[in-house]
Amino acid sequence: DAGITQSPRHKVTETGTPVTLRCHQTENHRYMYWYRQDPGHGLRLIHYSYGVKDTDKGEVSDGYSVSRSKTEDFLLTLESATSSQTSVYFCAIRGLDAYEQYFGPGTRLTVT
Amino acid sequence: AQTVTQSQPEMSVQEAETVTLSCTYDTSESDYYLFWYKQPPSRQMILVIRQEAYKQQNATENRFSVNFQKAAKSFSLKISDSQLGDAAMYFCAYRSVDSNSGYALNFGKGTSLLVTP
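In this convention, every chain numbers its residues from 1, walking through the sequence in written order. A letter from A marks each chain and a number from 1 marks each ligand, given out in the order of writing. Selection of residues for local features in this predicted model requires a pLDDT of at least 70, selection of side-chain atom pairs for listing and counting requires 80 or more, and totals for whole chains, interfaces and linings are taken over all residues. Water and hydrogen atoms play no part in the side-chain values, which are based on all heavy atoms of the structure.

Once that is clear, we can look at the nonpolar core. Nonpolar side chains in soluble globular proteins generally cluster together in the buried interior. Residue and element names in this part refer to chain B. Here, nonpolar core refers to any group of buried Ala, Val, Leu, Ile, Met, Phe, Trp, Tyr and Cys residues whose side-chain atoms link them within 4.5 Å. Per-residue accessibility, obtained with a 1.4 Å probe over protein chains only, is compared with the maximum for each type, and a residue is labelled buried under 20%, exposed over 50%, and partly exposed between these values. Counting 25 residues, the largest nonpolar core has Y25, W36, F75, L77 and Y90 as its most contacted members. Every element with two or more residues in this core is listed here: β3 (19–21), β5 (32–39), β6 (46–52), β8 (64–69), β9 (74–79), β10 (88–96) and β12 (111–116). Secondary structure elements follow DSSP: runs of H or I of four or more residues count as helices, runs of E of two or more count as strands, with numbering from the N terminus. Here the element with the most residues in this core is β10; it accounts for four residues. Contacts are assigned to residue pairs that have any heavy atoms within 4.5 Å of one another. Setting aside residues up to four positions removed in sequence, Y90 forms contacts with Q6, L21, W36, Y37, K38, V48, F64, L77, I79, G110, T111 and L113.

A few words on the pairing of strand β8 (residues 73–78) of chain A. Residues and elements named next belong to chain A. Of all six residues in β8, five are buried, a share of seventy percent or more. Strands are treated as partners if at least two bridges between them are detected by DSSP. In the sheet, strand β3 (residues 19–25) pairs with β8 via six bridges, with the strands oriented antiparallel. From the neighbouring strand, V19 faces β8, where its bridge partner is L78. Alignment of strand β7 (residues 64–70) against β8, held across five bridges, turns out to be antiparallel. Looking across to β8, one finds that S65 is bridged to T77. Counted between consecutive antiparallel strands, the loop separating β7 from β8 contains two residues.

Counting rule for disulfides: a pair of cysteine sulfur atoms within 2.5 Å. Counted according to the given criterion, the structure contains two disulfides over all chains. Between the sulfur atoms of C23 of chain A and its disulfide partner C91 of chain A the distance amounts to 1.8 Å. Every disulfide takes its handedness from the sign of the S-S torsion; for C23 of chain A and C91 of chain A that torsion is -70°, giving left-handed. Note that C23 of chain A is positioned in strand β3 and C91 of chain A in strand β9 (residues 87–94), a separation of 68 residues in sequence. Two residues, C23 of chain B and C92 of chain B, share a disulfide whose sulfurs are 2.0 Å apart. Disulfide C23 of chain B-C92 of chain B: the torsion about the S-S bond is -70°, which places it as left-handed. Placement of C23 of chain B in the loop between β3 and β4 (24–26) and of C92 of chain B in strand β10 is noted, with a sequence separation of 69 residues between them.

Looking now at the interface of chain A and chain B. Across the boundary between the two partners, chain A contributes 26 residues, which contact 21 residues of chain B. Buried area: the sum, over both parts, of the accessible surface (1.4 Å probe) that disappears when the two are put together. Roughly 1,900 Å² of surface becomes buried between chain A and chain B when both sides are summed, with 50% attributable to carbon and sulfur atoms. When the buried area of chain A at its contact with chain B is split by residue, L43, Y99 and F103 of chain A rank highest and sum to 32% of it. Throughout this description, the term salt bridge denotes a Lys or Arg side-chain nitrogen within 4 Å of a carboxyl oxygen of Asp or Glu. For the pair chain A and chain B, the number of links is zero salt bridges. Two N or O atoms count as a polar contact when they lie within 3.5 Å, although within protein this holds only if one can serve as hydrogen donor and the other as acceptor, and sequence-adjacent residues are included solely when both atoms are side-chain atoms. Inspection of the region where chain A meets chain B yields eight residue pairs in polar contact (both at pLDDT 80 or more). Mapped onto the side of chain A that touches chain B, the elements with two or more residues apiece are β4 (32–38), β5 (42–51), β9, β10 (101–103) and β11 (107–111) of chain A.

Printed below as a string of C-alpha cells:
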C-alpha cells in the first residue's frame, strides 16, 4: 500500500460541467501521474507532475488540466466535461526504488 | 513514442495448466524497463513482474516468469500452475530511463485471462 487515495471514487456528471478529481499521497513522492483507462486502449497518460507546480502533458491531454500546489496533492480538472471523457481515471506515483509505479484505486467518471 | 502491442485480447487456461501472454514493443532505446501488471475485477493495478533491459537473465516471481528477447523486442509472461485467482486483465508496459518522458508507463491494450476449473 503506497498510501494513494483518489476522490471521488465514482462520479456522474452532465456534459459541459466542470469536474475535478483529486489524488492524494502520504509518502512525499516527487512524481505523480494521471492515466485514463478505456476498453480496447489500456491505460494512457494524461498529465504528469515532477514536483510542486511542475507538470507536463501526456499522450491524451486535450480537454484536461492539472495542478499541484502541494507535494501530496495532484488535481485533474475537466473544464467542460464531454461524453468522450467518460472513463476510469487512475492516479499513480513513482516509487522510491524508482522502478515501480504505484496506482490509486481509480475513479469511475460518467459524463451524460 | 514507444508502442506496446499485446496481440491477444483474450486467453483461456485451465486450472493448474500453463499459459503464455505475448507482448512486443517498439523502441530505439537501448536501456529501459518492462513490466507486467495484473488488474483483477477490483480494478486495482498490481505489479506482477519487471525486467531491466540491461539484464540478460529473465525475471521470475514464484509462478510468474518472463521470456525477454531484446533483439526481437518481445516480452512474454508465462504463468505456471494457473489458479482461479489469476483471472484478470494483464497489461504489458514499457518505461524509458529517460527523464524527458517523466518516467511514465506506456501500456499495451491488455489481455483478458480466463481461468477455468
